[in-house]
Amino acid sequence: GTVLFMIAMTILQNMQAFGAEFWSAIVDSGGIANFQTVFNVVTAIALVPFSNLLVKLSMLIVKEDKEKPQRHAALHALDEKLYISPAVAVAEATKSVAAMGAIARENFAKGCNMLVNYDEAQVAEIEADEDCLDQFADRSDRFLIGLSKVIESEADDRQVDMLMQTVPNFERIGDYATNLVELGQRLNAANTAFSDMAKMELDIIGSAVNEILSITVDAFSSDDSEVAKTIEPLEEVIDDMVMILRDRHTKRLKSGACSVDTGLVFMEALTYLERASDQCSSIAVMMLARDNDAILQNHYDYLREIHAGNDAAYVAEMNRRREQYIKPLNQIGK
């Protein structure tokens, strides 16, 4: 438009259009405003026939930003438009939370690996996934609160309550993964590593925790209460393993067989492993409480009852897990 006006104004001036005084007169603010209006209107009219060409030219000059693919698309499926069908919304929310659990489980396994095989390249991937989990936790809270206001059945109401309590547990498991990464970074920065015995111990308890995470995610994804019942026996065995390893490592520290730096990292790692296991227990109890009013009203009584050995199936499963994990743990160093 500027080029067109420069040409037109040059021609008109040479032709002395509007008289010689017009071209030498001082222009006031009103004249500038009037000229700007004429400029915009004339330019728009002149360029309308070329609008399609101008669009193409703009697209050639200004390249469109490439759309970045969403990381973990399943975590972006929740939309308030689903509220129009509450039952569908509950189902979609359940699938999204299950996907969250699977990502948290994978991230935790990577975090465990960072303790013995530190890899800076993988740290960025773990942190990116952790950001996804945190963002989903925030979005899902808002979605589920809104959904709770439109649900139509008691079953859906209980499911939403269970989901709202499950999301923070999966989020914490993701947090523990980054805590383990930080411990790996400390070891790497100090250029030190665990002893062979400590590595074997971590491998066994790490396997137990990764298994309880897998069982929890699978039980939640398939909505299988029977599988959920197998979580607590393994959680209790993991608690016992943590106690055994803390006692052993304390003795190693006292005897000087282990440095203070690695000893502190080892103890902290046990804390995060135990806490991840505890989150799995909480998720399992919430799954069972959803359909059992007795557990819902007082889950502490439920846990106290089964821990007392009054459930034969529970005791059998716990003994199987002790044979699977505590027996090989006790054989290390013999």
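What you are looking at is a predicted structure, and each value in this text was computed from that prediction instead of being measured.

Novice: So what's going on with a nonpolar patch on the surface? Which residues, and what values?
Specialist: A surface patch of nonpolar side chains, amounting to about 720 Å² of accessible area, comprises Phe-50, Leu-53, Leu-54, Leu-57, Leu-60, Ile-61 and Val-62. Turning to its location among the elements, Leu-57 is positioned in helix H4 (residues 51–61). Residue classification places Leu-57 among the partly exposed residues on the basis of a relative accessible area of 45%.

Novice: I'd like to hear about the pattern of salt bridges, residue by residue, with values.
Specialist: Within this structure, the stated rule accounts for 21 salt bridges. A salt bridge links Asp-218 to Arg-105; the shortest N-O distance between them is 3.7 Å. Placement of the pair is Asp-218 in helix H8 (residues 196–222) and Arg-105 in helix H5 (residues 86–114), with a sequence separation of 113 residues. The salt bridge involving Glu-268 is made with Arg-186; its shortest N-O contact spans 3.0 Å. Here Arg-186 lies in helix H7 (residues 154–189) and Glu-268 lies in helix H11 (residues 260–290), a separation of 82 residues in the sequence. With a relative accessible area of 39%, Arg-186 lands in the partly exposed category. Where salt bridges share partners, they join Glu-211, Glu-317, Arg-320 and Arg-321 into one cluster.

The rules behind each value
Residues numbered from 1 in each chain as written. Predicted model: local features only at pLDDT ≥ 70, side-chain atom pairs only at ≥ 80, totals over all residues. Heavy atoms only, no water. Patch = residues over 30% accessible without salt bridge, like charges linked within 9 Å, V, L, I, M, F, W, Y side chains within 5 Å. Areas by Shrake-Rupley, 256 points an atom, 1.4 Å probe, with all protein chains shown as cover. Salt bridge = Lys/Arg side-chain N within 4 Å of Asp/Glu carboxyl O. Helix = DSSP H or I, 4+ residues; strand = E, 2+ residues; numbered from the N terminus. Buried < 20%, exposed > 50% of the residue type's maximum accessible area, 1.4 Å probe, protein only.

Treat this as a map of the structure, not an account of what it does.
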